[in-house]
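# Observations on the three-dimensional arrangement
Spelled out from the first residue to the last, the chains are:
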Amino acid sequence: MDKETLYKRVQAMIVSSTKEPKYMALSTVKIADLFRVKPEEIEKTLLELLNEGRLKKEKLPDRPNYEVYLLP
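Residues numbered from 1 in each chain as written. Predicted model: local features only at pLDDT ≥ 70, side-chain atom pairs only at ≥ 80, totals over all residues. Heavy atoms only, no water.

### So, the nonpolar core
In plain terms, the rule: Residues belong to one nonpolar core when they are buried, are Ala, Val, Leu, Ile, Met, Phe, Trp, Tyr or Cys, and are joined through side-chain atoms within 4.5 Å. Classification of residues uses two cut-offs on accessible area relative to the type maximum, computed with a 1.4 Å probe and protein chains only: under 20% is buried, over 50% is exposed, and between them is partly exposed. Strands are runs of DSSP state E lasting at least two residues, helices are runs of H or I lasting at least four, and both sets are numbered from the N terminus onward. Whether two residues touch is decided by their heavy atoms; if any such pair falls within 4.5 Å, the residues are in contact.
Counting residues in each nonpolar core, the largest one holds 13 residues, and the members touching the most others are Val10, Leu26, Leu46 and Leu55. The element that contributes the greatest number of residues to this core is helix α1 (residues 3-15), accounting for 4 residues. Excluding residues within four positions of it along the chain, Leu26 makes contact with Val10, Met13, Ile31, Leu46 and Tyr69.

### Brief notes about helix α2 (residues 28-35)
Note the following rule: Starting at the helix axis, one direction is taken to each C-beta atom, and the arc is that of these directions.
Along α2, the residues that are buried comprise Thr28, Ile31 and Ala32. Looking straight down α2, one finds that the buried residues subtend no more than 100° of arc, so they occupy a single side. Turned more than 90 degrees away from the buried face of α2, the exposed residues are Val29, Lys30, Asp33 and Leu34. Each element contacted by the buried residues of α2 is listed here: α1 and α3 (39-52). In the stretch just after α2, Arg36 is the one whose phi turns positive, near 55°.

### Remarks on the confidence of the model for the protein
This is how the line gets drawn: pLDDT measures how confident the predictor is about each residue, on a scale from 0 to 100.
Averaged over all residues, the pLDDT of the protein equals 91, while 100% of them reach at least 70. Mean pLDDT across the secondary structure elements of the protein bottoms out at strand β2 (residues 67-70), with 90, and peaks at α3, with 95.

### Observations concerning the environment of Tyr23
Of note, Tyr23 is situated in the loop between α1 and α2. Taking the relative accessible area as the measure of exposure, Tyr23 reaches 19% and is therefore buried. Each C-alpha atom of the pair Tyr23 and Phe35 lies 21 Å from the other, and the pair is 12 residues apart in sequence. Those residues within four positions of Tyr23 in sequence are excluded, and the remaining contacts are Ile14, Ser17, Leu60, Val68, Tyr69 and Leu70.

This is the structure we're talking about:
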């Protein structure tokens, strides 16, 4: 999985979000289907982006307590 391609896609999804502050709950299965790769590859690449500090991951305090991704 190309990290830059995934980052640009996730970044565009977050920026186009109507929520304040901008965040997006991502489905690794749906993204994997779009890129025609295994969900594990998407998860691994998202983890790399988190470790590099290019994305932030938080858990929403209210139900349904989704894990969401934000831009730093």
